[in-house]
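Structural overview for review
The chain contents come next:
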Number of protein chains: 2
Amino acid sequence: MNFDSIVFIVTLFVILPNEAKVLKKTSNTCEDILGDDLIEEIWSYRNVKDDILKYVLDGDFKGKTYDELAKFVDKFGARPSGTDVLEKSIDYMIELTKKEGLNDVITEEVKVPLWERGEEKITMLEPREKDIALLGLGKSATTPPEGLTGEVVVVRNFEELEGISEDKIKGKIVLYVPVFTAYGETVTYRSQGASKASAKGAIASLVRSITPYSLYTPHTGSQTYADGVVPIPTAAITLEDADLITRMYDKGEKVVLNIKMSSKLDENKISRNTLIDLKGSEYPEKLVIVSGHIDSWDVGQGAMDDGGGMFVSWAAPVILKRLHLTPKRTVRAIFWTAEELGLIGAYAYEKAHRNESDNINFIMESDEGTFAPLGLAVSGTQKARCIIAEILKLFKSINASTLVEENSPGSDIAIFTGNGIPGASLHNDNGKYFWFHHTEADTMNVENPDELDLGAAFWTAVAYIIADLSIDIPR
Amino acid sequence: MNFDSIVFIVTLFVILPNEAKVLKKTSNTCEDILGDDLIEEIWSYRNVKDDILKYVLDGDFKGKTYDELAKFVDKFGARPSGTDVLEKSIDYMIELTKKEGLNDVITEEVKVPLWERGEEKITMLEPREKDIALLGLGKSATTPPEGLTGEVVVVRNFEELEGISEDKIKGKIVLYVPVFTAYGETVTYRSQGASKASAKGAIASLVRSITPYSLYTPHTGSQTYADGVVPIPTAAITLEDADLITRMYDKGEKVVLNIKMSSKLDENKISRNTLIDLKGSEYPEKLVIVSGHIDSWDVGQGAMDDGGGMFVSWAAPVILKRLHLTPKRTVRAIFWTAEELGLIGAYAYEKAHRNESDNINFIMESDEGTFAPLGLAVSGTQKARCIIAEILKLFKSINASTLVEENSPGSDIAIFTGNGIPGASLHNDNGKYFWFHHTEADTMNVENPDELDLGAAFWTAVAYIIADLSIDIPR
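Overview of the structure. Since the structure is predicted, the reported quantities are computational estimates derived from the model, not experimental observations.

**Quick look at the overall build of chain A**
- If you tally the helices and strands in chain A, you get 16 helices and 16 strands.
- Taking 475 residues into account, the globule formula puts the C-alpha radius of gyration at 23 Å, and chain A, at 23 Å, falls close to it.
- Taking the principal axes of its C-alpha atoms as reference, chain A extends roughly 70 × 50 × 40 Å.
- Looking at chain A as a whole, 63% of its 475 residues are labelled buried.
- At a minimum sequence separation of 6, the contacts of chain A that also span at least 24 residues come to 83%.
- Within chain A, one finds 50 positive and 73 negative side-chain charges whose respective centroids are separated by 1 Å.

Written out as structure tokens, the structure is:
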């Protein structure tokens, strides 16, 4: 880290919604770095940006993103990795794209798991009988048909678990009740909770759902068994039941649960990443990637996670094609598959295309909601960030000029930005994102036509400008 | 209606949260009506009001209302009419009250129904397979074990239903999708929907849940079959699924559902109203009633509806007893039974006590949440309202001085106010009340210790002042 970047970093401050750092623009520095010519060049895209915004917000594309998303989501519903419905939804997207005259569409096969949720039921037996709503976590182990019965040990955090002797955990059910702070922080209790509980001899583990708000809403999600631990059944329960059990436990009451969970796992299914190219006029081999994932959890309808993100990415080449805008570089939309079970599609793409990775000029992903766009969460060098910050200034009229500095933006694209490829995720007004995330409430009711229009217009215009600039985004 | 009251009414204006009219105080008028002596008398209660607030908000009672409510709700959970758990919870409340040295506790038996929900399942068969979450409505008819299968007819309102010929409804499932405006308005589709659909030959009816917000949350509630109609199965579904089916229907798609609903109905159970008296020092036969209902729906935990309301009413005689405050009239706390299936406890009380109804000086009920108190929704003559408005001025410090004029405040007490007895329900900051109402999300997580303290202090002080005034609240 050089002195410049230290100076740069100390001007950052934390903002809440995206748990990331905002670039408090020290405009002199960026102006110096970019130089007048580049700044002027960026501002020369003002008119084309206006054309795109007008076409989407007030023209023929108005409402189209929502309408197409609704048709898609209503037709297919949930699209879990490894299912036929996911593959049919991929075929549908290919057809929809080709109808737009975009014929550079290919798919690349990926081996993915199919984890099929079966019967799930938790019954509190003591101190009183009560059904406890749950959602098993991804790839959870099953219980015997009659279920597992055990006493609950409530822990607030891993440190508390560490402090309890093994004989007090052995044969019991560990319930983690972390209070939601930031997703990236709290989610470790979902992703690692089973392994840590198993290592101390627990027969099952439960986690208070990873959300700040609940209407008795359990939230599923992925988890991974560490090497060498017994894979114990693991599930999320609602905030309400977690807090109920905690109150009982804290009063010294013995809480006994029976947990029944069945599921099937097939690790050898085939799915596909989908690649749509709007070929560049001068450097077709160079790529600006816009992306979202097409798979979803098995609960809800995958409208928000990540139907919206996929559709604003679909919209980018479609809108450019319709407006006869061909940038110098190729704009590639990618619909990742099997994101939810561990970014499987993105890992496969990165591996298959590693020898061409120098050609990725910029990689974008929308997978944190498509509420009103606010800007971008950007990873890259200082000069890269300065370029993006200057581009974002063009979007003041739609209040989407914020650059959030994020070392690891997005989910799938973190694999690429981690390798030094500059990239960004959609920074949007997603304060309620985790209310719906991985639940039955992830439906079209979360989505808003006007906000999707703003997102699609912004996404498209940003991708176009980056793809058409005279210089590559530096690494 | 005389001229005075016309003048009075034209000074009203509508406020939103409680769908009622606010008394825009024409203070001259109220001052004239009350006279200086009465106003001075009311203000003389300032100190005792302060004592009560201090004791509850900062003294020994701080947090007590929440803690006792949590103990109660966590111990019993849902308390549907006709169940053993409801009767045990009544016994518990009697014991809890007697421990406070309040021994004037009696119960009065009431014949109530037990409606036991069985298996409930809706599967969309066309245009694609999907589970549709539901909650059967109170006393709904059952389906055959294999369920009823039929095509859906979506209607926005009763007028639209009226306009469709019977042959297009016969053998089908009517889905009402009213948009939530105000509960009292929208709920008619839940309470009367089955009857109106049945009258046109429908085999079942569904209603979009009566709520402004959903995380895929179905809301149950009561409904009544009109005389002479075939009682068809009827249930509420989520906003999300109602809107999904509506989109499909509006596109011309055929939507076919299979509905399975089982339940048992026993109309001959016995429950009890509970009456707790803090006897008045001068007019023990005269009553100021504070009340809430002890029964709940079978879903959720009945913490908000109406555990909170019952506990602030329980707190009133308890706090007065602890503070050695004995008003001139008796303060009676009543815990109504079987409110949810049709105000059954309240009707029974009214009938049994009709010959003493002149003794009810004022009747209060909290059954619309115990969020931060804002004032009272009052029914009564102009003079009665002026007295209450003057009393409410004493509660400026806790922001609970608003008088909302409401012809029919509360639920149970509407039976009494409809007979001309002056009364009030708790006006509180309940903008989210219908998010939780009659759902699994009615749990302790809705409740807030500080807001319950404010509610209990306010409720107690208001009841004390009314019960101790030199004059009766006029009719």
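**Section: the relation of the copies chain B and chain A**
- Of the transformation placing chain B onto chain A, the axial shift is 0.0 Å and the rotation is 180 degrees, giving an RMSD of 0.0 Å. Both chain copies can therefore be described as sitting about a two-fold axis. Looking at the rotation axis and the C-alpha trace of chain B, the residue lying nearest is Leu 215 of chain B, at 3.1 Å.
- Looking at the interface residues of chain B, 100% of them are also at the interface in chain A, so both copies use one shared face.

**Section: the interface of chain B and chain A**
- Taken residue by residue, the interface counts 31 residues in chain B and 31 residues in chain A.
- Between the two partners, chain B and chain A, sit two salt bridges.
- Across the pair Asp 74 of chain B and Arg 247 of chain A runs a salt bridge whose closest N-O atoms are separated by 2.6 Å.
- At the boundary of chain B and chain A, one finds twelve residue pairs in polar contact (both at pLDDT 80 or more).
- The set of elements that each furnish at least two residues to the side of chain B that touches chain A consists of helix H4 (64-76), helix H10 (239-250) and helix H15 (433-436) of chain B.
- By residue number, the principal contributor to the side of chain B that touches chain A is H4 of chain B, which donates seven residues.
- Looking at the side of chain B that touches chain A residue by residue, the class counts come to 14 nonpolar, six polar and eleven charged.

**Overview of unusual backbone geometry**
- Cis geometry marks the peptide bond from Asp 305 of chain A to Asp 306 of chain A; its omega dihedral reads 10 degrees.
- By the element assignment, Asp 306 of chain A lies in helix H11 (residues 303-322).
- Put simply, Glu 126 of chain B and Pro 127 of chain B share a cis peptide bond, and its omega is 5 degrees.
- Inspection of the secondary structure assignment puts Pro 127 of chain B in the loop between strand S3 (105-126) and strand S4 (130-132).
- Despite not being glycine, Ala 338 of chain A shows a phi value in the positive range, around 55 degrees.
- Its place among the elements puts Ala 338 of chain A in the loop between strand S12 (329-336) and helix H12 (344-352).
- According to the relative accessible area criterion, Ala 338 of chain A is buried, its value standing at 0%.
- If you check the backbone angles, Asn 399 of chain A has positive phi at about 60 degrees while not being a glycine.
- By secondary structure assignment, the location of Asn 399 of chain A is in the loop between helix H13 (382-392) and strand S15 (402-405).

**Quick word on the environment of Pro 327 of chain A**
- Residue placement: Pro 327 of chain A occurs in the loop between H11 and S12.
- What Pro 327 of chain A contacts, discounting residues up to four positions off in sequence, is Leu 278, Lys 279, Gly 280, Ser 281, Tyr 464, Ala 467 and Asp 468 of chain A.

**Quick notes on the pairing of strand S16 (residues 423-428) of chain A**
Residues and elements named next belong to chain A.
- Among the six residues that make up S16, six are buried, leaving the element largely enclosed by the rest of the structure.
- Bridge analysis of strand S13 (residues 360-365) against S16 gives three bridges, and the strand direction is parallel. Its bridge partner being in S16, Ile 363 is matched across the sheet by Gly 423.
- Bridging between strand S14 (residues 373-379) and S16 involves six bridges; their strand directions are antiparallel. Its bridge partner being in S16, Val 378 is matched across the sheet by Ala 424.

What counts and how
Positions within a chain are numbered from 1, following the residues in the order the chain's sequence is written. To label them, take the chains in the order written and letter them from A, then take the ligands in the order written and number them from 1. Per-residue local features are limited, in this predicted model, to residues with pLDDT of at least 70; the limit for side-chain atom pairs, both in listing and counting, is 80 or more; totals at the level of whole chains, interfaces and linings are taken over all residues. Excluded from the side-chain calculations are hydrogens and water; all other atoms, namely the structure's heavy atoms, are used. The helix and strand labels rest on DSSP assignments: H or I over at least four residues marks a helix, E over at least two residues marks a strand, and numbering proceeds from the N terminus. Computation of the radius of gyration draws on C-alpha atoms alone. For the globule rule, the value is 2.2 Å times the number of residues to the power 0.38. With a 1.4 Å probe rolled over the protein chains alone, any residue whose accessible area is under 20% of its type maximum counts as buried; one over 50% counts as exposed, and the rest are partly exposed. Contacts are residue-level and defined by heavy atoms, with any inter-residue pair within 4.5 Å sufficient. The charged-residue count follows a simple rule in which Lys and Arg add positive charge and Asp and Glu add negative charge, with His and chain termini not counted at all. Here the site of a charge means atom NZ of a Lys, CZ of an Arg, CG of an Asp or CD of a Glu. To superpose the copies, least squares is applied to the C-alpha atoms of every residue with a pLDDT of at least 70 in both. Put simply, a salt bridge is a Lys or Arg side-chain nitrogen that is within 4 Å of an Asp or Glu carboxyl oxygen. N or O atoms closer than or at 3.5 Å make up a polar contact, with two conditions inside protein: a donor-capable atom paired with an acceptor-capable one, and, for residues adjacent in sequence, both atoms drawn from side chains. When residue character is reported, Ala, Val, Leu, Ile, Met, Phe, Trp, Tyr, Cys and Pro are called nonpolar, Asp, Glu, Lys and Arg charged, and the others, Gly included, polar. Strand pairing is assigned whenever DSSP identifies at least 2 bridges connecting the two strands.

Function-wise, these values are silent; they only describe arrangement.
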